[in-house]
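# Chain and residue survey
For reference, the chains in residue letters:
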Amino acid sequence: MRLNIPLTGPEEAEAVRAVLESGFLTQGPRAAEFEAAISSVTSTRYACAVSSATTGLHLSLVALGVEPGDEVIMPAFSFPATANAVAQQGAVPVFVDILPDTFNIDPALIEDAITSKTKAIMPVHAFGLVADMDPINRVASKYNLDVIEDAACALAGTYHGKPAGSLGTAGVFSFHPRKIITTGEGGMITTNDPDMAQRLSVLRAHGAVRGELFMEFIDEGFNYRMSDVHAAIGLAQFPKLDMIVSRRRHLAEELSTLLADIDGVTCPITPDGLEHTFQSYVVRLDAAVDRDLVIRRMRTLDVETTLGTYGMHLQPAYVQRFGDLSGALPNATVAHRQALTLPLYPQLTSSDLEQIVDALRSSVSA
């Protein structure tokens, strides 16, 4: 059983065929339509399609004036693209510990991490659960800091009725095949700031603005555009969004019920007022359980699993840069070692869920 299978069909194939026949393959009308669709579902004024969420994070940092030597605060537990985007700008990722029950950044620890060099806060909505944004935004406002939501997994997630991607200065989504909907590869930046939207539009396309006859290059930009081929896939996926998220939530609830009697396994939670997308279904195993051995055992039972995500502070590139931070970031360290992602995608059946649970039960107790 695969960890994830994107939900695609003839609609996506037809959408790509239409773009190929149009002869307009690079960023064009399909990308603009996809931007409008994402802007609508996130209740934001502007959306900027880009080649990936990683380039979206980097472009947001550039557009907000983050410079070499500046510091950006983020949770220690995330896919390394979060920190890499900051490092690629010459800035410094500052790791803050997480809350063990949500895997999201602990807002109570952010203020102590702020220095005179801090330029932004980059909360990550872990596995589709929006971070606790109200206290984060209060701290950001107090210190005049920008907030960039790493909302890669959280399309259609909400925080007290407000959509992910609308809760900070900017939000960044991913359309990788493991995300809620996919474009194959691709990302989107959302914002309500017209100046930022204009700057993003210029920066993603080589720093160019188009005149009557040709382009002028007004900035040292990047080639971070989304092609119409990828956007067409996203547009074909978009009508399925509500169904996909609803199905993920239903399956997650059923899975949590089935897992309730397995000792050593803690299921994910959804705090009151939040709506989880369950882009990934991630459990926490007790310290006495060897998570990596569980992954290996479940593989022999034909169930693919993986770690939750990465303690970025434990990765060699950042250990070399910052030293051993495992003691200073205990919750993120435990999450890196004990979190386990189980299969979850709309095509799963109740019998599939029973297979997952049986495999986990036998793997944990073996």
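On to helix α2 (residues 29–42), then. Because an α-helix completes one turn every 3.6 residues, residues spaced three or four positions apart along the sequence face the same direction. Over its 14 residues, α2 runs 20 Å from end to end, which matches the ideal 20 Å to within 8%, given 1.5 Å per residue. Within the sequence span of α2, burial applies to A31, F34, E35, A37, I38, S39 and T42. The secondary structure elements touched by the buried residues of α2 are β1 (46–50), β7 (162–163), β8 (170–174), β9 (187–191) and α8 (228–237). A positive backbone phi angle near 55° is found at S43, which sits one or two residues after α2.

Attention now moves to the packing of aromatic side chains. In the structure shown here, the tally under the stated rule is ten aromatic pairs. Aromatic rings pair up to connect F77, F103 and F127 into one cluster.

This part takes up the pairing of strand β4 (residues 118–121). The pairing of strand β2 (residues 71–75) with β4 spans three bridges and is parallel. Its bridge partner being in β4, I73 is matched across the sheet by I121. With two bridges joining them, β4 and strand β5 (residues 146–150) adopt parallel strand pairing. Looking at the pairing, A120 lines up with D146 of β5. Between β4 and its parallel partner β5, the chain crosses via helix α6 (residues 133–142), and the hand of that crossover is right-handed.

Turning to the packing of helix α3 (residues 53–63) against helix α7 (residues 194–203), a few remarks are in order. Close contact between α3 and α7 brings their axes to 10 Å; oriented N to C, the two are set at 120°. Taken as axis vectors, α3 and α7 run oblique relative to one another. Between α3 and α7 the crossing geometry is right-handed. Between α3 and α7, the contacting residues are L59, S60, V62 and A63 on the first element and M196, R199, L200 and L203 on the second.

Right, let's talk about the packing of α2 against α8 for a bit. Viewed as axis vectors pointing N to C, α2 and α8 meet at an angle of 40°, and their least axial separation amounts to 8 Å. Overall, the two elements α2 and α8 adopt an arrangement that is oblique. α8 is crossed by α2, and the crossing has left-handed handedness. When α2 is examined against α8, the residues P29, R30, A31, E33 and F34 are found in contact with a partner set consisting of D228, A231, A232, G234 and L235. Per-class residue counts for the contact of α2 with α8 are six nonpolar, one polar and three charged.

Quick look at the pattern of salt bridges now. What the rule picks out here adds up to twelve salt bridges. One salt bridge connects K240 with E11, and the closest N-O pair in it is separated by 3.6 Å. Here K240, found in the loop between α8 and α9 (241–259), pairs with E11, found in helix α1 (residues 10–22); they are 229 residues apart in sequence, far enough to count as distant. R361 serves as the salt-bridge partner of D261, at 3.0 Å between the closest nitrogen and oxygen.

This part takes up α8. In terms of burial, α8 is a largely internal element, seven of the ten residues being buried. Here α8 has its buried residues at D228, A231, A232, I233, G234, A236 and Q237. Against the buried residues of α8 lie α1, α2 and α9.

Relative to the elements of secondary structure, D97 occurs in the loop between β3 (92–96) and α5 (110–113). Taking the C-alpha atoms as reference, D97 lies 30 Å from L258; in sequence the two are 161 residues apart. The residues contacting D97, other than those within four sequence positions of it, are I105, D106, L109, L329, P330, N331 and A332. Within the structure, D97 has its side chain in polar contact with the backbone nitrogen of N331 (distance 3.0 Å).

This part takes up the state of the cysteines. A full pass over the atoms with the stated rule returns zero disulfides. Summary of cysteine pairing: C48 is not part of a disulfide, and the nearest cysteine sulfur, belonging to C153, is at 20 Å. The exposure class of C48 is buried, given its relative accessible area of 6%. Note on C153: no disulfide assigned, nearest cysteine sulfur contributed by C267 at a separation of 19 Å. Given a relative accessible area of 14%, C153 falls into the buried group.

Calculation notes
Residues numbered from 1 in each chain as written. Predicted model: local features only at pLDDT ≥ 70, side-chain atom pairs only at ≥ 80, totals over all residues. Heavy atoms only, no water. Helix = DSSP H or I, 4+ residues; strand = E, 2+ residues; numbered from the N terminus. Expected span 1.5 Å × (residues − 1). Buried < 20%, exposed > 50% of the residue type's maximum accessible area, 1.4 Å probe, protein only. Contact = heavy atoms within 4.5 Å. Phe/Tyr/Trp six-rings, centres within 6.5 Å; stacked < 30°, edge-to-face > 60°. Pairing = 2+ DSSP bridges. Right-handed = clockwise from strand over helix to strand, strands pointing away. Axes fitted to C-alpha atoms, helices over the stretch in contact; angles between N-to-C directions. Parallel < 35°, antiparallel > 145°, perpendicular 65-115°, else oblique. Left-handed = near helix turned anticlockwise from the far one by under 90°. Nonpolar A, V, L, I, M, F, W, Y, C, P; charged D, E, K, R; others polar. Salt bridge = Lys/Arg side-chain N within 4 Å of Asp/Glu carboxyl O. Polar contact = N/O pair within 3.5 Å; in protein donor to acceptor, adjacent residues only side chain to side chain. Disulfide = S-S within 2.5 Å.

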